[in-house]
Protein chains: 2
Amino acid sequence: MSEAQKAAIIGGGVIGGGWTARFLLNGWDVAVYDPDPDAERKIGEVLANARRSLPSLYDFALPDEGRLDLVTNINDAVGGARWIQESVPERLDVKRAVYRDIQAHAPADAVLASSTSGFKPSELGEGAARPEQILVVHPFNPVYLLPLVEVVPSPCTDGAIRDRAVELMRGVGMYPLLIRKEIDGHVNDRLQEALWREALWLVSDGIATTREIDDSIRFGCGLRWAQMGSFQTFWLAGGEGGMRHFMAQFGPALKWPWTKLMDVPELTDTLIDTIADQCDQQSGGMTPREMERVRDNNLVGMMRALKRTDWGAGASLNEHDRSLVPEGPAAPEPVEMFRRQVPQSWLDYNGHMNEAHYLEVFSQANDRIMALVGADQAYIDRGLSFFTVETHIRHLDELHAGEGIRVTTQVLQGSGKRLRVFHRLETDDGRLAATGEHLLIHVNLSLRKSCEPDEPVRSKLAAYEEAHRNLALPEGAGRSIG
Amino acid sequence: MSEAQKAAIIGGGVIGGGWTARFLLNGWDVAVYDPDPDAERKIGEVLANARRSLPSLYDFALPDEGRLDLVTNINDAVGGARWIQESVPERLDVKRAVYRDIQAHAPADAVLASSTSGFKPSELGEGAARPEQILVVHPFNPVYLLPLVEVVPSPCTDGAIRDRAVELMRGVGMYPLLIRKEIDGHVNDRLQEALWREALWLVSDGIATTREIDDSIRFGCGLRWAQMGSFQTFWLAGGEGGMRHFMAQFGPALKWPWTKLMDVPELTDTLIDTIADQCDQQSGGMTPREMERVRDNNLVGMMRALKRTDWGAGASLNEHDRSLVPEGPAAPEPVEMFRRQVPQSWLDYNGHMNEAHYLEVFSQANDRIMALVGADQAYIDRGLSFFTVETHIRHLDELHAGEGIRVTTQVLQGSGKRLRVFHRLETDDGRLAATGEHLLIHVNLSLRKSCEPDEPVRSKLAAYEEAHRNLALPEGAGRSIG
């Protein structure tokens, strides 16, 4: 593969730092320009958060990190860049000035994207040297975890720039949502804002505290919203009558006099103080940094759960995983199955990786060796597969969240119905953390009985057995307890 | 324990059916009254959904189901009931008439709760025989999964009734949010409604389709909302400056002219058709029943993930788990560790429980035997624990989502630093699905080295070893592969 692509991040902070992490951890070189003397520290903190969490979303190792440069002028940032992300303060005059500088030095075919949460791309491009290069690519915090980006072209954004933006966003694991018509605030912030406005009224009128409002979200509708939006939720609620039934029942309620949405609450000092004090109490003494880590742990866990159902954000992750699966390796030495990072959702109260996940890693390796000998999804769809019937694991060393690990596998037996494998789980710094020995039996899925493998599995299995025949029996094979 | 408590469900449908399931699966007897001839079928469908999902949230078996009776009059429903849940159509006159019937026959100290999403409890209680008995307990669909209930007493609701409502809701695994001041729509529906209104505008103005709006939620802010509300999210976004900083930056945006929230979109036939058609397309050919199952699978997976971080809905589940842990049993026969159900989030592409979860079940059993010999959280907090160093699993039979399973354990060795256990994983219908043999070593957590156990573990371990000394070596112990 040719040299890494380059992204220019103009403006750091939480959003610029998040973009930096997203590109860097996906193998891009990143040049950051931000005149804030604190920029390096802030970006470093976001990067630390990202390194412990973004790789946790995937079952295979991300590409090696690109090179990170903090530069002192815009030219050095945007020269040779394929992607330029502007995340400077939300002021039109400031942004437009920055685009003039950027476009004086940037390649004409680079994507020039703005993180703006409010301005329309046509406003951004007014007076620009090349307005067709500019569009909005609006992310959500934390940018290194949440996949959504709203991609908003202006009426004059070049079609090729727009298409490249969508493609490159997918390439770094984002979920690009193309917004068909530019509008202030785009789509999602308008939804969040509406909810926020009602929430402010409830606090202002003493109906509920910030904690009570937040609890009403995260113990109820928020859980739903992580996997289905309001329309799909209400479509479901309409049951057999569908959406028309739902709207017939609940549409009229929108006109009830109890709505406060006809007005905006006055943000007096008193209200701001009330909100600020309630929020501080709500955080229960946790610092923002601590709370960020909790948030990221929660998001990692839930997004990994959605991979199991292959739904929403989880489906998006599964798709990105497929781009990370390594090439099938050649025998005859023990074969590397994959590299990956230990996600924090795998820890237990001992502070190390819970024992069950050793078998999850070896199960992933079993899936991988199955695929390598031809028992992939297409083969399984033909009604044939392997079941694991026996497992022996030596837990030799602890593993911690964020550790890079690799699994190498030796085929001890691969003839007839029997596939006996021996996996070694090693850390990137060379420690042997565990071994897993497994006996898999080839089965007919309809009959739920063992049977001889079909082609291509039969031949590929035999080839692996042959290739590994002369390797020494690995230390730990054939062990029992006691 | 004395006989089961009784809940009366007045009005079936999605909400009444959800309440039925929630009480029944938590061991209550339930009497349902609904004159709808289709009531039994509809409730049956909700119950089927609930049985495959509610038990999946927990790591231990729920109580045995209570008795379900569909009765033909309100007297039979509410006689002897401790809890009465009204979920009849959203019309004040209908509800008030039902309360008259209910209160003519119900115990005076039963909680009389309404599922109403809009009315204030004081409105409900107007003209009632005993308004002090009435309050709102407003759930969220699916009631058998989402833990939030808004508990809204009126100014004259009896304090003991209110307190009992909160306590009994916790007892069935709900998260009761006490609303301090009654208001139309309570708290959360007002938030959902606000978002919904903006969403309707976006569709009406052709800015986005229902799918695009929903995607903007479930790939972005929705994921956040499943674990933190808007206030906490914005507090975090304010970084070191906290909430005041956030509001200074973003407060003024609320007054921007681009908000449409000053008005309600007209629900014309055209708009309703547009929405209904887009929603049908969005569902991609899945029926509502199929979509409900997907939703429930997603919710189970994400809520289980939040148990790992002990946060939000997950913390609520962990707390309920603690009430489900069985009593410490007596030796000398192999000891039942626990019973539980196989959650659907444990399945893999073979259509059965993924191999890694066998070790998750045995890991849970290891935790349990550790607790039984005194190595509970308090002991671990003293810096001592057990690490599993070797595992041998025989995968003997498949397990499927929803199957009831139990684990029984024999202590093969429990002296000095070594704890060797043998677990049998059986289904409720008597099949032996797997065996797990494990060697655990007692360790000093600070030094990360093995050491002799302290009291009470030393003595309790020895007692278990003694109690099991004369049991035959279980079939499968001491096995190796190959």
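In this text, all values refer to a predicted model and were calculated from it rather than measured experimentally.

The interface is formed by 151 residues belonging to chain B together with 151 residues belonging to chain A. Here chain B is connected to chain A by eight salt bridges. Ionic pairing is found between A:Arg479 and B:Glu390, a salt bridge with its closest N-O pair at 2.7 Å. Top contributing element to the side of chain B that touches chain A by residue count: helix α8 (residues 210-225) of chain B, with 15 residues. Taken together, the residues of the side of chain B that touches chain A sort by class into 71 nonpolar, 43 polar and 37 charged. Relative to strand β10 (residues 384-395) of chain B, strand β10 (residues 384-395) of chain A runs antiparallel, the two being bridged by five bridges. Across the sheet, A:Thr391 pairs through a bridge with B:Ile393, a residue of β10(B).

So, about the pattern of salt bridges. Within this structure, the stated rule accounts for 68 salt bridges over all chains. The salt bridge involving B:Glu403 is made with B:Arg431; its shortest N-O contact spans 2.7 Å. One end of the pair, B:Glu403, is in the loop between β10 and β11 (404-415); the other, B:Arg431, is in the loop between β12 (418-427) and β13 (432-444), with 28 residues separating them in the sequence. A network of salt bridges, in which partner residues are shared, links A:Asp38, A:Arg41, A:Glu45, A:Arg289 and A:Glu292.

Laying chain B over chain A is done by rotating through 180° and shifting 0.0 Å along the axis; what remains is an RMSD of 0.1 Å. Both copies are brought into coincidence by an operation consistent with a two-fold rotation axis. Interface overlap between copies: 100% of the residues of chain B at the interface are likewise at the interface in chain A, consistent with a symmetric, same-surface contact.

Running from N to C, helix α9 (residues 230-237) of chain A and helix α11 (residues 269-282) of chain B cross one another at 95°; their axes reach a closest spacing of 10 Å. Between α9(A) and α11(B), the interaxial angle falls into the category roughly perpendicular. Contacts from A:Phe231, A:Gln232 and A:Trp235 of α9(A) reach α11(B) at B:Ile275, B:Cys279, B:Asp280 and B:Gln282. Grouping the constituent residues of the contact of α9(A) with α11(B) by class yields four nonpolar, two polar and one charged.

With that settled, consider the sheet that holds strand β6 (residues 134-138) of chain B. Within the open sheet, the eight strands sit side by side as β3-β2-β1-β4-β5-β6-β7-β8 (chain B). Their pairing is mixed. The sheet is open, and its two edges are formed by β3 (68-71) and β8 (175-178) of chain B, each paired on a single side. Between one strand and the next, the sheet's axes are offset by a mean angle of 25°, whatever the strand orientation. Alignment of strand β7 (residues 148-153) of chain B against β8(B), held across four bridges, turns out to be parallel. Directly across from B:Glu150, in β8(B), lies its bridge partner B:Leu177. On top of the sheet, helix α8 (residues 210-225) of chain A reaches β7 and β8 of chain B; it is set at about 155° to β8(B), its chief contact.

The element helix α13 (residues 312-322) of chain B is extensively covered by neighbouring structure, given that eight of its eleven residues are classed as buried. When α13(B) is considered as a whole, its buried residues turn out to be B:Gly312, B:Ala313, B:Gly314, B:Ser316, B:Leu317, B:Asn318, B:His320 and B:Asp321. Packed against the buried residues of α13(B) are α8 of chain A together with α6 (159-171), β8 and α12 (288-308) of chain B.

Moving on, we come to the environment of A:Arg211. Residues and elements named next belong to chain A. Along the polypeptide, arginine 211 turns up in helix α8. Note: C-alpha distance between arginine 211 and lysine 417 (206 residues apart in sequence) is 59 Å. Beyond its immediate stretch of four places on either side in the chain, arginine 211 contacts Gln281 and Gln282.

Attention shifts here to the packing of aromatic side chains. Residue and element names in this part refer to chain A. By the definition in use, this model includes 15 aromatic pairs over all chains. When the ring of phenylalanine 23 is compared with that of tryptophan 28, the centres are 4.8 Å apart and the planes differ by 65°; the resulting orientation is edge-to-face. Tryptophan 28 shares its class with phenylalanine 23; the two are buried. Through successive ring pairs, a cluster of aromatic residues spans Trp19, Phe23, Trp28 and Trp83.

Now for the side chain of A:Arg420. Inspection of the secondary structure puts A:Arg420 in strand β12 (residues 418-427). Assessed through its relative accessible area of 13%, A:Arg420 is described here as buried. A polar side-chain atom of A:Arg420 sits 2.8 Å from a polar atom in the side chain of A:Glu437. Polar contacts involving the side chain of A:Arg420 include one to the main-chain carbonyl oxygen of B:Ile481, which spans 3.4 Å.

Turning our eyes to something else, we now look at the sheet that holds strand β3 (residues 68-71) of chain A. Residues and elements named next belong to chain A. Pairing is mixed in the open sheet, where eight strands are placed in the order β3-β2-β1-β4-β5-β6-β7-β8. Unpaired on one side and paired on the other, β3 and β8 (175-178) mark the two borders of the sheet. Neighbour to neighbour, the strand axes of the sheet diverge by 25° on average, direction disregarded. The pairing of strand β1 (residues 6-10) with strand β2 (residues 29-33) spans five bridges and is classified as parallel. Pairing of isoleucine 10 across the sheet is with tyrosine 33, part of β2. Here helix α1 (residues 13-24) sits on the sheet in contact with β1, β2, β3, β4 (83-86), β6 (134-138) and β7 (148-153), set at roughly 170° to β1.

Our focus in this paragraph is the confidence of the model for chain A. Residue and element names in this part refer to chain A. Of all residues in chain A, 94% attain a pLDDT of 70 or more, and the chain-wide mean is 91. In the predicted structure, residues 255-261 sits below a pLDDT of 50 and forms 18 contacts with residues beyond four places in sequence or in another chain. Interface confidence for the predicted complex, given as ipTM, is 0.90, next to a pTM of 0.90.

For the rest of this paragraph, the subject is the pairing of β3(B). Residues and elements named next belong to chain B. As defined by bridge partners, strand β2 (residues 29-33) adjoins β3 across four bridges and the pair is classed as parallel. If you follow tyrosine 33 over to β3, its bridge partner there is valine 71. Of the crossover connections in this fold, the one passing from β2 over helix α2 (residues 39-53) to the parallel β3 is right-handed.

Basis of the calculations
Residues numbered from 1 in each chain as written. Chains lettered and ligands numbered in written order. Predicted model: local features only at pLDDT ≥ 70, side-chain atom pairs only at ≥ 80, totals over all residues. Heavy atoms only, no water. Contact = heavy atoms within 4.5 Å. Salt bridge = Lys/Arg side-chain N within 4 Å of Asp/Glu carboxyl O. Helix = DSSP H or I, 4+ residues; strand = E, 2+ residues; numbered from the N terminus. Nonpolar A, V, L, I, M, F, W, Y, C, P; charged D, E, K, R; others polar. Pairing = 2+ DSSP bridges. Least-squares fit on C-alpha atoms with pLDDT ≥ 70 in both. Axes fitted to C-alpha atoms, helices over the stretch in contact; angles between N-to-C directions. Parallel < 35°, antiparallel > 145°, perpendicular 65-115°, else oblique. Buried < 20%, exposed > 50% of the residue type's maximum accessible area, 1.4 Å probe, protein only. Phe/Tyr/Trp six-rings, centres within 6.5 Å; stacked < 30°, edge-to-face > 60°. Polar contact = N/O pair within 3.5 Å; in protein donor to acceptor, adjacent residues only side chain to side chain. pLDDT = per-residue confidence, 0-100. Right-handed = clockwise from strand over helix to strand, strands pointing away.

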